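# Inside the fold
If you want the building blocks of each chain, they are given just below.
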Amino acid sequence: MTALRPDLAIIAANVAPGSRVLDIGCGDGALLAALRNDKQVDARGMELDPHGVAECVAKGLSVMQGDADTDLSDYPDAAFDYAILSQTLQTTKRPDMVLDELLRVGRKGFVSFPNFAHWKVRASLLWNGRMPVTRLLPIAWYETPNIHHVTIRDFRELVAAKGYRIEGEWFLSGDRQIGPLAANWRAEHAVFQLSR
Amino acid sequence: MLTGGAGSPNRSGMVDPALNLAGGSLILPQPLPLDGGQSLERVEVAYETYGKLNAEKSNAVLICHALTGDHHVASPHPITGKAGWWVRTVGPGKPIDTDRYFVICANVLGSCLGTTGPASPAGDGQPWAMRFPVITIRDMVRTLVALLDSLGIDQLHAVIGGSMGGMQALSFAANWPERTRAVLVIASTARHSAQNIAFHEVGRQAIMADPKWEGGNYYAKGKGPESGLAVARMAAHITYLSEAGLTEKFGRRLQDRTEKTFGFDADFQVESYLRHQGLSFTDRFDANSYLYITRAMDYFDLAEEHGGRLAEAFAGVKARFCLVSFDTDWLYPTAESRVIAHALNAAGAPVSFVELSAPFGHDSFLLDVPAQDRVIAGFLNQ
């Protein structure tokens, strides 16, 4: 397996071989290609950026250009064993509705996102009074695609309010996996596995 | 490459596929049944090939051309000397790489550029004219499949087409699903919309309103309904371009003059351009062929052929699909490609879809769009 981004590696490790997977916001298709090659997964993708779709097609992947906010409605219920939303939730217009769609088209869902409550982000806001620009949030507030910043605590509360189940959770600091203790302070990145 | 008739059946009626692989033209050995209920005897098919068919016969790629296209996809036209219509996409080392693939392109049934059409002689030796049966996109594809039979090719690596060529590729996949492993459809649709039909009807009426059309029997008189055909082409040509493209190319600029003439000469560059497009078209295209092929496109509705559900058309199809649309194409807009993609998803077929950004309107698929090159090459080379 080529080196996957750490959050994608966690997701890849937890997908059952031979399953049907939809990666929403699949970018250049790195995760899908790894799942297809290593786990014989029926790998499908959705990506907004046409250059990303072109790269996926060049990898032999089946990818639809589309928008997570609007185009998931085209898929029937439970069309996939897993629907994946990696680093995409915070870029959608209505993350709550996208989450509903995720767990409608997929029997299980993976969601990964940068944690806006990481101590560096908090420190930046507290001491500098400015929207943070960090390794995981490298783009200034006015041009970032991340329009709905979310923390681990926020996300857990949304999942609870919707009545969905958290089946697994993983936390990353740098590229290293860390334990759940004070994750909302310590984790730069979180990965959740959900089900209805 | 031009071996005119090399592969026609010999006196014993047998066809040697190896001879046919060089391209040229051949007479189909069997009568061609048509959707309209009739059948056509001795259909001639003009086609070109590029590259080399491998020993397993597994590297054949069929390219289907658009409304007024021909089979000279990547080589100069033998009469006009004009470069092949997709030479920027097809050739050695190009997105459709003829070092890798054996590329076949045939002139469509009903055309006037080599394959049997209304200008061809009927059984009585006179041109068919309007006695030619109305044909469909599926009839065109049936002709292509018969050609593949004659070439001894059971299964294609891919069938590819833009615009009307895309309709043929879709029809091929739906009706002969076992005969291709991949399907690439560019700037196309699974059915002609009311607007599409309306534009075609304007063209047909322009031809038929020209007194020189004479009910289609103009062949003996030398000149046919050239004015009508030119107007048909002008109207159609507008639909191939984007509003922004026209504005950028011509704006309101005047043609070889500094003032408006207060007359009806071609004051504007866009008028002059369209008139040129119309006139030059009449040199190379037959008016009756234009009637028949536009009719075939208007009749195209892939869902209708399959009980009204497009997904049914693709039920059980194993091929990979890739659909490409262009953001400035208002003739077959992105929504049409999405409809196809959804149907394929519903049918469980592996499908990719991408809308590319290009300023040239419907004609983008023929022009310089590097992103398209990447998609085509990436999709084919799997």
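Residues numbered from 1 in each chain as written. Chains lettered and ligands numbered in written order. Predicted model: local features only at pLDDT ≥ 70, side-chain atom pairs only at ≥ 80, totals over all residues.

## Focus on the overall build of chain B
Helix and strand counts for chain B stand at 11 helices and 12 strands. Here the C-alpha radius of gyration of chain B, 21 Å, is about what a compact globule of 382 residues would show, namely 21 Å. Dimensions of chain B, computed from C-alpha atoms along their principal axes, come out at roughly 65 × 50 × 40 Å. Across the 382 residues in chain B, those meeting the buried criterion constitute 52%. (Helix = DSSP H or I, 4+ residues; strand = E, 2+ residues; numbered from the N terminus. Rg over C-alpha atoms; globule rule 2.2 N^0.38 Å. Buried ≥ 20, exposed ≤ 12 C-beta atoms within 10 Å, placed from the backbone.)

## A look at the overall build of chain A
Looking only at helices and strands, one finds seven helices and eight strands in chain A. Relative to the 2.2 N^0.38 estimate, which gives 16 Å for 196 residues, the radius of gyration of chain A is 16 Å and therefore close to what a compact globule would have. Dimensions along the principal axes, computed over C-alpha positions, put chain A at roughly 50 × 35 × 30 Å. Contacts in chain A between residues far apart in sequence, at least 24 positions, make up 62% of those at least 6 positions apart. (Contact = placed C-beta atoms within 7 Å.)

## Some words on unusual backbone geometry
All names here are of chain B. Backbone geometry at A129 places phi at a positive 50 degrees, although glycine is not the residue there. As for its position among the elements, A129 is in the loop between β8 (102–106) and α2 (137–151). Phi angles above zero are rare outside glycine, and F262 is one such case at about 55 degrees. Residue position: F262 is located in the loop between α6 (243–249) and α7 (269–284).

## Focus on the nonpolar core
Counting residues in hydrophobic clusters, the biggest one holds 170 residues, and the most contacted among them are V57 of chain A together with V61, V103, V159, A169, V183 and L184 of chain B. Residue assignment places this core across two domains, with domain 1 (25–191 + 303–380) and domain 2 (195–296) of chain B each supplying three or more. Those residues in contact with V103 of chain B, other than ones at most four positions away along the chain, are T49, Y50, G51, V61, I63, V90, I96 and T98 of chain B. (Core = buried A, V, L, I, M, F, W, Y, C linked by C-beta atoms within 7 Å. Domains from an automatic or database assignment.)

## Examining the interface of chain A and chain B
Of the residues lining the interface, 13 residues belong to chain A; the matching set on chain B comes to 17 residues. With seven residues, helix α3 (residues 50–58) of chain A is the single largest residue contributor to the side of chain A that touches chain B.

## Thoughts on the environment of A198 of chain B
Here A198 of chain B lies in helix α4 (residues 194–209). Once the C-alpha coordinates of A198 of chain B and L380 of chain B are considered, the two residues, 182 residues apart in sequence, prove to be 35 Å apart.

## What about the packing of α3 of chain A against helix α11 (residues 370–380) of chain B?
Between α3 of chain A and α11 of chain B, whose axes approach to 7 Å, the crossing angle comes to 25 degrees. In terms of axis orientation, α3 of chain A runs roughly parallel to α11 of chain B. The chirality of how α3 of chain A crosses α11 of chain B is left-handed. Together, P50, H51, A54, V57 and A58 of chain A of α3 of chain A and A371, R374, V375, G378 and F379 of chain B of α11 of chain B make up the contact between the two elements. Here the contact of α3 of chain A with α11 of chain B is built from residues that sort into seven nonpolar, two polar and one charged. (Axes fitted to C-alpha atoms, helices over the stretch in contact; angles between N-to-C directions. Parallel < 35°, antiparallel > 145°, perpendicular 65-115°, else oblique. Left-handed = near helix turned anticlockwise from the far one by under 90°. Nonpolar A, V, L, I, M, F, W, Y, C, P; charged D, E, K, R; others polar.)

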